[in-house]
Amino acid sequence: MEIRRLDHAALIVKDVERSRHFYGQVLDMEEVPRPSNFNFPGAWFRQGRAEVHLIGEAEPGRAAQVQPGGYRPEELSIGYAAHIAFEVASLEEARRHLKAHDVEIVGGPRPRGDGVMQMYVCDPDGYIVELFVWEKK
């Protein structure tokens, strides 16, 4: 078997509209059409080749059951948590953009140790999102 690339991450969310705002407006991802035969709420976003597929919870409280958000602050601060990661052009630009949208940075910026600087935020459902840049040599 040959894995060619990671295609997308799918996340169960409590409120599709709230998450649509986060991924579309805060992270500046482009919303793209979902297949017409999908009969459940959701939204798909793309930036470059990276996609995030939001799936609206089918029953109240289901998103919290699958993503309870039980990470301690010291775990979040170093990225010791299940997360998705996006490479960005500038961490400082990303930090300013997130601040303008009242998104708290829960970890970093910090060096990863291999030439990457990283920081972490949480989406509206508590999913951890890493933003990183390769440091210039």
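Residues numbered from 1 in each chain as written. Predicted model: local features only at pLDDT ≥ 70, side-chain atom pairs only at ≥ 80, totals over all residues. Heavy atoms only, no water.

Now for the layout of surface pockets. Considered as a void within the structure, the largest pocket measures approximately 400 Å³ in volume. What lines the largest pocket is a set of 18 residues, and nearest its centre among them are Leu27, Phe86, Glu87, Val88 and Leu131. Of all elements in the fold, only β5 (83-87), α4 (91-100) and β8 (128-134) reach the threshold of two or more residues within the lining of the largest pocket. At 4 residues, α4 tops the list of elements feeding residues into the lining of the largest pocket. A per-class count over the lining of the largest pocket returns 12 nonpolar, 3 polar and 3 charged. Of the volumes computed, that of the second largest pocket is approximately 240 Å³. The wall of the second largest pocket is formed by Arg5, Leu6, Asp7, His8, Ala9, Arg49, Ala50, Glu51, Val52, Ile84, Ala85 and Phe86. Taken together, the elements giving at least two residues each to the lining of the second largest pocket come down to β1 (8-13), β4 (50-56) and β5. (1 Å grid on protein atoms, 1.4 Å probe; cavity = no way out; pocket = protein on both sides within 12 Å on 5 of 7 lines; lining within 4 Å. Points joined across faces, edges and corners; volume = space filled by probe spheres on them. Helix = DSSP H or I, 4+ residues; strand = E, 2+ residues; numbered from the N terminus. Nonpolar A, V, L, I, M, F, W, Y, C, P; charged D, E, K, R; others polar.)

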